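Commentary on secondary and tertiary structure
Now for the letters of each chain:
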Amino acid sequence: MQTNLGAIDICILILYGCVLVGMGIYYVRKCRTADQFMVAGRSIPAWAAGLAVMSAYTSSISYIATPGMAYDSNWHPMIFALCILPVAWLVCKYAVPYYRQARLISVYSFLEERLGPWGRIYAALSFLLYMVGRTAVILYLVSLLISKNINPQSRDDQMIMMVIVIIGLVTIIYTLLGGMEAVIWTDVMQSVVMIVGIVFCAVSLSMKVFAGPEPLINAATKANMFSLGSTKLTLASPQHLADRTIWVMIIYGITENLRNLLADQNYVQKYSSVPTERAAKRSIWIAMLIYIPLTAVFLYIGTTLFAFYSQTDVLAKAGITKGDEVFPHFIATEVPPGLKGLIIAAIVAAAMSTVDSALNCSATVMLLDFHKRYFQPNIGERASVLYLRLATVVMGLLGIGFAVLMIRAESALNLWWKISGIFGGGILGLFVLSLLRVRLRLWQGLVSIAVSIAVISWGTFMRDSFLGKFNLQIKESWKWAECNIDDIIIGAMGTAALMVVACIFGLFNRKREIPA
């Protein structure tokens, strides 16, 4: 098979993989206790933890799917990034001080303290499902890019599958060996590689679309590609992604970013690995102030790709039908050897820096929230580390398996937003209830969760766009029950439903003055 990767590109990728595994091996000696595996002994400097938090935000989802979204629509994902600023302030003001004082490792133990064991179990289980979906999307996207460069003439699903397995296994190896310290320091290196790669792509495209008396960028301007979305006062599902409203993105941006920084083990565990409360707050702001301009660069690349290909039918001839495939095609066909290897390494870095965190944090949750809490409370240090490593392997293999199933999915970013909303919706509601000190009985908590799941299920499945994939449609007599709300805010709907029901219960409980 003819490959589009030169020898130097292949050497760069192999060397990069070897360096990562080598770093995992190096940090084995610093990973002899469960505390070292999970939070690196709380010895990480703030700037490194900040880069690690940023890398969890900026994965191959950002590197491939965000330009793909901008290519297909406009800049509406930028609103999601801007919503981080008020959310980061709230988290640093109210959540971080408590988390540091309590010296939490699993953020879900906070729910047990305030709500009871049921809240912890639900949130921890939802997080694990959420991490499997996130890992799968990331592995799929980066494998799509690499397979396109190996075989640029056509899409090869077998090649995509092979690359998913290779990248997944390499990530599992260095994560299980070095624990959180290996995760963070490889994330630091990968963040630098990632930023250099994306800046080079932006500069390269700018030189192409701004050249000449009639620059190609005019096509993007005329098509309103720089729009932040529709200003219509509606939350309804758009006919086209370009019609998604700014109000939908504000709701999604606030709820999803709040869930990330307040209630997601993947982020909390990283800013908990620093020595002090001040360092934890600083790491959050470092991450967010890098992520926002990076998002703009990713969107700019998608828009310039639209301009670059606007006057040609190259994409149609190549059989490209999804925005997610445009940037990989550009790298495969327009970037020279050597530089191509560096850019691909940057995208692999973006993927691995998020997957390694997902695996480490998922293993932590499996140990603290399930095994140690309910099955073996007195587990020793050596057994804990062994369990953490085995859990890392299990979660990694699950992510690989679901990534393979995702090969025929639609827009990966849209799919990722659906996954995160479904599995993450109820978690945020529980944390807000805990912060507000709403007091619930066990049955009341379960009813609140059940209502949230029912609302999320209705929003996900009760729509023709979903049923049509199975050659089904909603009967005319049931059209009144069809959900027409934009599906990326399904999680916010679930959060709102849970909080309304739980607050009603809480008011009754307060009147009766029941014990906590």
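Everything here concerns the structure above.
Within each chain, residue numbers correspond to sequence positions counted from 1 in written order. Where local features are concerned, this predicted model is filtered to residues with pLDDT of at least 70; where side-chain atom pairs are given and counted, the filter is 80 or more; whole-chain, interface and lining totals use all residues. Side-chain metrics in this entry use all non-hydrogen atoms of the structure; hydrogen atoms and water are not considered.

**Re unusual backbone geometry**
In the Ramachandran plot, A40 falls in the positive-phi region, its phi being about 55° despite a non-glycine side chain. Within the element layout of this structure, A40 appears in the loop between α2 (34-39) and α3 (46-57). Notably, R437 is not glycine yet its phi reads approximately 60°, a positive angle. Residue placement: R437 occurs in the loop between α18 (412-435) and α19 (442-461). Relative accessible area serves as the criterion here: at 54%, R437 is assigned to the exposed category. In this text, helices come from DSSP runs of H or I with a minimum length of four residues, and strands from runs of E with a minimum of two, each type numbered from the N-terminal end. Buried means the residue's accessible area, taken with a 1.4 Å probe over protein chains only, is under 20% of the maximum for its type, while exposed means over 50%, and partly exposed covers the values in between.

**With respect to the pattern of salt bridges**
A carboxyl oxygen of Asp or Glu within 4 Å of a side-chain nitrogen of Lys or Arg is what we treat as a salt bridge. Enumeration according to the criterion identifies 9 salt bridges in this entry. Across the salt bridge formed by D187 and K270, the nearest N and O atoms sit 2.9 Å from each other. Pair noted here: D187 is in helix α9 (residues 157-209) and K270 is in helix α12 (residues 265-271), with a separation of 83 residues, a long-range link. Each member of the pair, D187 as well as K270, is classed as buried. Residues joined by salt bridges that share partners form a network here, namely E112, R120, D369 and R373.

**Topic: the environment of E482**
Relative to the helices and strands, E482 is located in the loop between α20 (464-467) and α21 (490-512). In this structure, the C-alpha to C-alpha distance between E482 and Y309, residues 173 residues apart in sequence, is 38 Å. Contact between two residues is taken to exist if any of their heavy atoms lie within 4.5 Å; hydrogens are not considered. In this view, E482 contacts W458, M462, R463, D464 and I474; residues no more than four positions away in its chain are not counted.

**Structural notes on the state of the cysteines**
Disulfides are defined as cysteine sulfur pairs within 2.5 Å. Overall, the coordinates contain 0 disulfides when judged by the stated rule. Between C92, a free cysteine, and C83, which holds the nearest cysteine sulfur, the sulfur-to-sulfur gap is 16 Å. Of the residues examined, C92 reaches a relative accessible area of 5% and is grouped as buried.

**A closer look at the nonpolar core**
In plain words, nonpolar cores are sets of buried Ala, Val, Leu, Ile, Met, Phe, Trp, Tyr and Cys residues tied together by side-chain atoms within 4.5 Å. Formed by 164 residues in total, the largest nonpolar core has its most connected members in Y63, V91, Y99, Y108 and F431. With 20 residues, the top contributor of residues to this core is helix α8 (residues 117-150). Setting aside residues no more than four positions away along its own chain, F431 makes contact with Y99, V107, Y108, F110, L111, L262 and A263.

**Concerning the packing of aromatic side chains**
Aromatic pairs are defined between Phe, Tyr and Trp rings, using the six-membered ring for Trp, whenever the two ring centres lie within 6.5 Å; interplanar angles under 30 degrees are classed as stacked, those over 60 as edge-to-face, and all others as tilted. Tallied over the entire structure, the rule returns 18 aromatic pairs. Among the aromatic side chains, those forming a connected cluster through ring pairs are Y98, Y99, Y108, F110, F127 and F431. The ring of Y98 carries the charged tip of R114 above its face, separated from the ring centre by 5.2 Å. We note R373 situated over the ring of Y374; from NZ or CZ to the ring centre the distance is 4.8 Å. Distance and angle both matter: a charge sits over a ring if NZ of Lys or CZ of Arg is within 6 Å of the ring centre and within 35 degrees of the ring normal.

**What to know about α9**
Take the number of residues in a helix, subtract one, and multiply by 1.5 Å to get its expected span. With 53 residues, α9 extends just 32 Å between its outermost C-alpha atoms, more than 12% less than the 78 Å of an ideal straight helix rising 1.5 Å per residue. Maximum bend of α9: about 125°, positioned at G179. Here the bend at each residue means the angle between axes fitted to two seven-residue stretches, the one ending at that residue and the one beginning there.

**Considering the packing of α19 against α21**
The angle between two axes is taken between their N-to-C directions and runs from 0 to 180 degrees, where each axis is a line fitted to C-alpha atoms and a helix contributes only its stretch in contact. Running from amino to carboxyl end, α19 crosses α21 at an angle of 155°, the nearest separation of the two axes being 8 Å. Of the possible angle classes, the one that applies to α19 and α21 is roughly antiparallel. Here α19 runs over α21; the crossing is right-handed. Residues W443, Q444, V447, S448, I449, V451, S452, V455, I456, W458, G459 and T460 of α19 touch α21, and the partners they reach there are I490, M493, G494, T495, A497, L498, V501, A502, F505 and N509. Oblique is the label for any angle not covered by the other classes, which are roughly parallel (under 35 degrees), roughly antiparallel (over 145) and roughly perpendicular (65 to 115). By convention the crossing between two helices is left-handed if the near helix lies anticlockwise of the far one by an angle smaller than a right angle, and right-handed if it lies clockwise.

**Description of the side chain of N74**
Inspection of the secondary structure puts N74 in the loop between α4 (60-72) and α5 (77-82). According to the relative accessible area criterion, N74 is buried, its value standing at 2%. Any pair of nitrogen or oxygen atoms within 3.5 Å is treated as a polar contact; in protein, a donor-acceptor pairing is required on top of that, and neighbouring residues in sequence qualify only through side-chain atoms on both sides. Engagement of the side chain of N74 in a polar contact is seen with the side chain of H76, the distance being 2.7 Å. A polar atom in the side chain of N74 sits 3.0 Å from the backbone oxygen of A242. Those residues within four positions of N74 in sequence are excluded, and the remaining contacts are M69, N224, M225, S227, G229, A242 and L299.

**Describing the environment of V314**
For V314, the location among the structural elements is in helix α14 (residues 314-317). Those residues in contact with V314 that lie beyond four places of it in its chain are Y309 and H329.

**What about a nonpolar patch on the surface?**
On the surface, L233, L235, W247, I250 and I254 cluster together into a nonpolar patch covering about 450 Å² of accessible area. Tracing the chain through its elements places I250 in helix α11 (residues 246-263). Of the residues examined, I250 reaches a relative accessible area of 31% and is grouped as partly exposed. Two joining distances apply to patches: 9 Å for like charges and 5 Å for nonpolar side chains (Val, Leu, Ile, Met, Phe, Trp, Tyr), and every residue must have over 30% relative accessible area and no salt bridge. Accessibility throughout is a Shrake-Rupley quantity obtained with a 1.4 Å probe, and a residue counts as covered only by protein chains that appear here.

**Quick look at the environment of P336**
Here P336 shows up in the loop between α15 (326-334) and α16 (339-375). Given the relative accessible area of 40%, P336 is considered partly exposed. Taking the C-alpha atoms as reference, P336 lies 21 Å from V297; in sequence the two are 39 residues apart.

**What to know about the side chain of S55**
Within the secondary structure, S55 sits in helix α3. S55 gets classed as buried once you look at its relative accessible area, which sits at 0%. A distance of 3.4 Å separates polar atoms of two side chains, one belonging to S55 and the other to D187.

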